[in-house]
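Structural characterization, general
If you want the building blocks of each chain, they are given just below.
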Amino acid sequence: MRKKYWHQKRKAALLFSCLLLSLAGCSSASQTAKSGQEQPEGQTEIGTIMTAHAPQEFTLLDNKDALAADGLYYATWGAGNSSPFENSDGETLDLYDAQLYLLAGEAKSEKDAEKSRQAWLAAAKDNYKIHTTDTITCNGQTYTLISYDCVGTDTPYDHGVSALGVCGTNAVCAELTCTKDYDGDLAALLKNFLNNCQYIQ
């Protein structure tokens with residue numbers, strides 16, 4: 001069976017389902033946006049919203065604009081070796097030691113973007129065992145940072161961190177999850193990632 005990147009499909013479905021509840025307030029993305037392209041010096045353009053530069057050990061796995069008409073963009077990076085993992089649906093997926101996700105959404109107003117951020121945060125609280133909640137500032141942008149254990153029978157990942165923020169009329173969620181044996185400092189890695197994100201004005 002064709003392999004897929006583990007957790008990517010689940011994460012996209014989870015976050016997209018939350019966003020779809022508030023899509024009435026979202027604007028359409030520009031039809032001329034260059035999405036899914038690797039930019040010079042390792043930068044990845046996320047729709048018309050931002051450019052991202054993942055930590056050195058992470059490799060870009062996918063960059064999607066399938067929901068660009070709804071103003072949504074999604075990218076993911078993996079670190080470490082990949083190994084096959086069979087989920088509860090019988091699909092064989094690629095499991096990485098750690099995986100970094102970025103979801104960005106355009107909205108008509110800052111209020112609508114904040115609604116999306118709150119929906120993502122509520123989804124995280126419903127699906128993870130939250131340990132800490134903090135406010136951080138990276139590259140001048142404020143985010144809510146949460147750390148948690150991954151729960152559920154259909155995830156091989158053990159724990160993770162997520163940062164959720166609003167920049168103007170854009171909502172952003174960055175998430176880093178890993179296996180039990182991964183020894184990287186997740187909070188430091190995610191902050192480094194966010195410090196190297198640039199919002200397109």
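Residues numbered from 1 in each chain as written. Predicted model: local features only at pLDDT ≥ 70, side-chain atom pairs only at ≥ 80, totals over all residues. Heavy atoms only, no water.

**Some remarks on the sheet that holds strand S11 (residues 198–199)**
The following threshold applies: When DSSP finds two or more bridges between two strands, those strands count as paired. Secondary structure follows DSSP: runs of H or I at least 4 residues long count as helices, runs of E at least 2 residues long count as strands, and numbering of each begins at the N terminus.
The antiparallel open sheet is built from 3 strands, whose spatial order is S2-S3-S11. Looking at strand neighbours, the two that pair on one side only are strand S2 (44–46) and S11, the edges of this open sheet. Pairing of strand S3 (residues 50–52) with S11 involves 2 bridges; the strand directions are antiparallel. Within S11, the position partnered with Thr51 by the bridge is Gln198.

**Comments concerning the pattern of salt bridges**
For the record, the criterion: Basic side-chain nitrogens of Lys or Arg form a salt bridge, by our definition, when they fall within 4 Å of a carboxyl oxygen of Asp or Glu. Only protein chains enter the area calculation, which uses a 1.4 Å probe; residues under 20% of their type maximum are buried, those over 50% are exposed, and those in between are partly exposed.
For the structure shown, the criterion picks out 1 salt bridge. Where Glu114 meets Arg117, a salt bridge forms, and the shortest distance between an N and an O atom there is 3.0 Å. Residue Glu114 and its partner Arg117 are both found in helix H2 (residues 110–127); the two are separated by 3 residues, about one turn of the helix. Using a relative accessible area of 27% as the deciding quantity, one classes Glu114 as partly exposed.

**Things to note about H2**
So the rule is basically this: Helices are assigned an expected span. That span is 1.5 Å times one less than the residue count.
In this model, H2 (18 residues) spans 26 Å end to end at C-alpha, consistent with the 26 Å of a helix rising 1.5 Å per residue. Of the positions making up H2, those classed as buried are Asp112, Ala113, Ser116, Arg117, Ala119, Trp120, Leu121, Ala123 and Ala124.

**A word on the nonpolar core**
Here is the rule: In these notes, a set of buried Ala, Val, Leu, Ile, Met, Phe, Trp, Tyr and Cys residues joined through side-chain atoms within 4.5 Å is what counts as a nonpolar core. Here, two residues are considered to be in contact whenever any of their heavy atoms come within 4.5 Å of each other.
In terms of nonpolar packing, the biggest core is built from 33 residues, with Phe58, Trp77, Leu190 and Phe193 touching the most fellow members. Listing elements by their share of this core, those giving two or more residues are S3, strand S5 (72–86), strand S6 (92–106), strand S7 (128–138), strand S8 (141–150), strand S9 (159–167), strand S10 (170–178) and helix H3 (186–195). A total of 5 residues in this core trace back to one element, the largest contributor, which is H3. Among all residues touching Phe58, those that are not within four sequence positions of it are Trp77, Gly78, Ala79, Ala98, Gln99, Leu100, Leu176, Tyr182 and Leu189. One finds Tyr101, Ala107, Ala171 and Cys173 within the second-largest nonpolar core, a separate group that totals 20 residues.

**What about the packing of aromatic side chains?**
Keep this limit in mind: Two rings from Phe, Tyr or Trp (for Trp, the six-membered ring) form a pair when their centres are within 6.5 Å of each other. A pair whose planes differ by under 30 degrees is stacked, one over 60 is edge-to-face, and the rest are tilted.
Using the criterion set out here, one finds 2 aromatic pairs in the structure. Each ring, one from Trp77 and one from Phe193, has its centre 5.4 Å from the other, and the planes form 65 degrees; the classification is edge-to-face. Of this pair, Trp77 sits in strand S5 while Phe193 sits in helix H3, and the two are 116 residues apart along the sequence. Here Trp77 falls in the buried class, since its relative accessible area comes to 2%. The exposure class assigned to Phe193 is buried, which follows from its relative accessible area of 0%. On the basis of an interplanar angle of 5 degrees and a centroid distance of 4.0 Å, the ring pair of Tyr128 and Tyr148 is categorised as stacked. Placement of the pair is Tyr128 in strand S7 and Tyr148 in strand S8, with a sequence separation of 20 residues.

**Things to note about the environment of Ala104**
When you line up the elements, Ala104 lands in strand S6. Residues Ala104 and Ala75 lie 29 residues apart in sequence; the distance between their C-alpha atoms is 8.9 Å. With near-sequence residues (within four places) excluded, Ala104 lies in contact with Ile46, Ile49, Met50, Gly71, Leu72, Tyr73, Ala171 and Val172.

**Looking at the environment of Asp62**
Note that Asp62 resides in strand S4 (residues 58–64). By relative accessible area, which is 19% here, Asp62 ends up buried. Once the C-alpha coordinates of Asp62 and Tyr74 are considered, the two residues, 12 residues apart in sequence, prove to be 8.1 Å apart.

**As for unusual backbone geometry**
Within the chain, Asn139 stands out as a residue other than glycine whose phi angle is a positive 55 degrees. Mapped onto the fold, Asn139 is located in the loop between S7 and S8.

**Some details on the pairing of S6**
Most of S6 is tucked away, with 13 of its 15 residues classed as buried. The turn joining S5 and S6, which pair antiparallel and follow one another in sequence, is formed by 5 residues; a positive phi near 80 degrees is taken by Gly90. Strand direction decides the pairing type here: S6 and S10, joined by 9 bridges, are antiparallel. Bridge pairing in S10 links Leu102 to Ala174.

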